[in-house]
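Read off the chains here:
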Amino acid sequence: MKIRSLDINQFGRFENQKIVLPDSSFVIIYGGNEAGKSTLMNFMLNTLFGYPQKNSLARWLRNNEENRLGGALTFQGEDGHEFRLERMYKEKEDPRLFTGSSGIGDVNAQFHGVDRLLYQSVFCFDLEGLRGIEKMKPSDLNDFLLGAGMIGSRELAEAEQELGKRCGALFKKGGRNPEINHLLNELDRLRTEMRNHEKKLDAFRQIQEKIDRENARIRRLDQERKDALQRHQEWTAFSAIRPIIISYRALEDEIKGMGEVAHFPENGRIQYNDWHRQIAAAKDEAAGLADRIQQLNESIKSVHVDDSWISEEGNLTALFREAVKDEQNLRETVLLEDDRRKDQTEYAGVLKNLGPGWDAEALSRASVDVAFKHQLQEKTERLKVLAEAKSDASRDLAGRKEEVSQLKNRLEALEKEHGEENGGKRAHERKGRTGVNPGPLSVPMIVPALAVTALVAVISYFLLTPAAAVLIFLFGLLLSGLFVYTSRLASKNGIPSSTRNETGPAVDSRYEAELSFIREQFAKAERACEQALLNVEALKKDLGEENRQFKEWLATKGYRMERPEWAADIVRLVDEAQALLNRIKVVEARIRDRRGEHERFERERERLSDILHVPGGDAAFLEKRYNTEKERQRQVQDLKKQRDTNLKQVQILKKKLDRFYKEQDRLLELAGAADEEQFFESADRYDRLQKLKEKRNDRQMHMLELAGNEENLNRYFHDLNEGKWDGITGEELKKRLSDLEEELKAVREHLIQEKAESRSMVDNDSYRDTLDRYHALLTEVNSKAREWAVCRMAEWAIGKTKDNYRKQRLPRVLKEAERYFEQVTGGAYISLNLNDENGFAVERRDGRTFLAGELSRGTAEQLYLSLRLALTEVFDSGESLPVIIDEGFVNFDRPRAERVYSLLEKISNRRQVILFTCHDSAFLQGHPSAVLSLSGQNRQAVR
């Protein structure tokens, strides 16, 4: 079964709305508080299983409009058919189930007898519903599992209730109204009437007297039989306890025969033996320590230590530290010499680059300070500016000369062109008159065309789009450009448009004007050329003067050079050379320091070698020899410490021995013994006495167990002393008991005969009617009693069936819940059990077991969720009903909540799962197609 949509006529905050659920087996209905989640869940339950009483619906009614409360629910059945269930509150007893387009179905048949209580017990739960499972014991789960796993459990429960009521109606202990109780009271009344009738009959009384005498005889015989039976039982008990009493008295006699035994210390023998063993062990340990001390003294004498090495320990230690430092100095000296050679090579290269005349003295005179470099930069910049100005003036002069040359050539070309045009003037006049080659469009035509193009572009901008306006304007510019290009091309071909139709005198006037203009330009160009030449000469002179002053300034700073432009490079090289020279001096000073330290180290080494009588010994040899002497000294010190420790242990052992001897003497004194032999004799007598007393006490306890109490035991002692049971055997007692039973049997048979005779003498009709009524009531009582027994047996059978069903279903529920719980907790818990005393218990992966009440709130709710989901698996129905959960994961952390979502997604493969929640999660973000949002911003599925 899969719910598809909800049509709500009016229910709570929803009115005339259709809600289409996502096309997914796992549906998540998301919304904040007061969004309507609980309203939708209750609408589903009421539509599926009917509406409760009106007082339970007050929160869902609006303006008390009961006629509009209700709606419809569309779902898909297991067979794939579409169903529509309509239920209104006013018609709650008459729901309508439509199949397909027009078919009518039976709601109870469709749900296979599942009612609201059973559905909410298994498939629909919230956070409070989860917590309720923790209180259940196996007996409480009996009815719950039966309802969760068997269709028709409601009828079975009703039958059980009816049986209980019927049993109570038939019989109740101490009751008056039940049928059997009433019949029994009536029987008592009839018995009274019958006794009254019997008193009226003399013969009946005589017979009754005989019957009474026989009853009295039966009672007497029965009492005698009981007495005989009791006597036989007493004899049997006495026979069992008699040998124990005899043994007890023998032990008492033996204890008395030992006479007075002196007091002996408790556990004295054990204590004396313990002290003896400790004394022997202490003596052995003392002997071993003496041997060890002797060995240590000999070892100390065998180790020879040269005290001269120990006296020079401070100097030697300092020498060894200096040896390490000296080795480092030697390595550092080699590295410093390598650095010095590299710096000297680099220094020689720099001097070579500087050229001849540069040496250490020249370098010392050359200035390389910051002020000098700053001044050098300023002067170099000034020279650079003058050089660039001279270059610009030279380029300007070349340009002026080129302009003069071009104007001169143009002037010559015009003069030549004027001569050629005079010869061809007639031909041009003929072309003008015939109208051949009219030429391109003039400029006055292009300007209006551009204006029109701009106007069309503006109109397109407002009527069409800005892009269309730009395209139109660009197209107009392109056409104008083509017209201009055509006009210029025609001018180059000797067809100027402005002179095509001019006459000869107009042409001559234009020529003169153009020739005059070019001559003026030529004169101006020659004057500008002469000025440019003067500028170049002046800048050349300024540059030469600046170079001279620059060289003189460099000479004052220690630099001699012919090319001022090299000044920056030479200063850089001088600076580098000075730095290298300073570095070489520093390295040489460090080399001298290291060599001085090495010489001091060697002098100290030679001094110590002479003192210690090992001339020529190097530092490694001295350190090795020193370590040897130091190790010998340490060995001697360790041996002395061990000897001192052993001596202290000897003293301690002597004190222990003294204390042990005192303890032994104390035990001898307490036992009243002069020596060890007397002590052990007293111990043997004392131990014998204690064993006898233990045996006597054991016999006494055994007798009390057999007798039952002290009074019976004293009676058994008295019977033994008096000889009560002497000469009596068990066969005699059995024979007496058998005779009494035979006599009692005969008397009872005679009594039966007399009672039969008494019944035959009753001939009164009233007595007969009473007797008949009595037997009829007795028969009715038997019938009612059989009916009551049948009902009680049926009750017992139902209870037994429910218990067996729980035993069959509960292991499967626990197995499924264990698997779900392990998955939800990520494998942290691996086992789930249920017992009668403590309820649910889980086992963690590390082997620890926790009761449900000991788990954290979130973990406990995960356990109860697993049990709820496991119950859905054992449910046996023809329809896979959907699981509805309302805010069940509030106290779950993010990883376990995500695993619960994954578990519900797997369960949704077998049955639809509908989850109501107000908490966002990664699962909701990753499955938007399964989410129905009830927020005001997103109601895409709510219409």
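As the structure is a prediction and not an experimental result, all values here were calculated from the model.

**Student:** Please explain the sheet that holds strand β9 (residues 829–835) as it appears in this structure.
**Tutor:** Whenever strands of a sheet pair, they do so through backbone hydrogen bonds, lying parallel or antiparallel. Across the sheet, 3 strands lie side by side as β9-β10-β11; this open sheet has antiparallel pairing. Edge positions in the open sheet fall to β9 and β11 (849–851), since each of these has one partner strand only. On average, adjacent strands in this sheet sit at an angle of 25 degrees to one another, irrespective of strand direction. In this structure, strand β10 (residues 839–844) lies alongside β11, joined through 3 bridges in antiparallel fashion.

**Student:** Teacher, can you tell me more about the pairing of strand β5 (residues 82–88) here?
**Tutor:** Consecutive side chains along a regular strand alternate between the two faces of the sheet. The buried count for β5 comes to 5 of 7 residues, which makes it a mostly enclosed element. Here strand β4 (residues 70–76) runs beside β5; their pairing, made up of 7 bridges, is antiparallel. Counted as the bridge partner of Leu-73 is Leu-85 from β5. As defined by bridge partners, β5 adjoins strand β6 (residues 96–99) across 4 bridges and the pair is classed as antiparallel. Residue pairing for β6: Leu-85 is matched across the bridge by Leu-97.

**Student:** For this particular structure, what's the right way to read the state of the cysteines?
**Tutor:** Covalently bonding the sulfur atom of one cysteine to the sulfur atom of another cysteine gives a disulfide. Under the defined criterion, the tally for this structure stands at 0 disulfides. Of all cysteine sulfurs, the one in Cys-167 lies closest to Cys-791, which takes part in no disulfide; the gap is 4.5 Å.

**Student:** How should I be thinking about the sheet that holds strand β13 (residues 913–917) in this particular structure?
**Tutor:** The strand order across the open sheet built from 5 strands is β8-β12-β13-β3-β14, with neighbouring strands paired in parallel fashion. Edge positions in the open sheet fall to β8 (124–126) and β14 (931–933), since each of these has one partner strand only. Going from strand to strand, the sheet's axes swing by 15 degrees on average, the running direction of each strand aside. Together, β3 (26–30), β8, β12 (883–886) and β13 form the strand contacts of helix α1 (residues 37–49), whose direction differs from that of β13 by roughly 150 degrees.

**Student:** How should I be thinking about the UniProt feature "coiled-coil region" (unreviewed entry) in the protein chain in this particular structure?
**Tutor:** Listed under "coiled-coil region" (unreviewed entry) in the UniProt record, and renumbered for this structure, are residues 180–231, 522–590 and 730–757. A distance of 42 Å separates the end C-alpha atoms of residues 730–757, which is 100% helix and 0% strand.

**Student:** Help me understand the packing of helix α11 (residues 313–354) against helix α18 (residues 567–611), please; the structure alone is not making it clear to me.
**Tutor:** How two helices sit against one another is set out by the angle between their axes and by the gap between those axes. Interaxial distance between α11 and α18 falls to 7 Å at its minimum, and their mutual angle equals 155 degrees. It follows from the interaxial angle that α11 and α18 lie roughly antiparallel. The element α11 and its partner α18 pack so that their crossing is left-handed. Its residues placed into classes, the contact of α11 with α18 shows 19 nonpolar, 6 polar and 18 charged.

Cut-offs applied
Residues numbered from 1 in each chain as written. Predicted model: local features only at pLDDT ≥ 70, side-chain atom pairs only at ≥ 80, totals over all residues. Heavy atoms only, no water. Pairing = 2+ DSSP bridges. Helix = DSSP H or I, 4+ residues; strand = E, 2+ residues; numbered from the N terminus. Axes fitted to C-alpha atoms, helices over the stretch in contact; angles between N-to-C directions. Buried < 20%, exposed > 50% of the residue type's maximum accessible area, 1.4 Å probe, protein only. Disulfide = S-S within 2.5 Å. Contact = heavy atoms within 4.5 Å. UniProt positions renumbered as here; feature names shortened; annotations may be inferred. Parallel < 35°, antiparallel > 145°, perpendicular 65-115°, else oblique. Left-handed = near helix turned anticlockwise from the far one by under 90°. Nonpolar A, V, L, I, M, F, W, Y, C, P; charged D, E, K, R; others polar.

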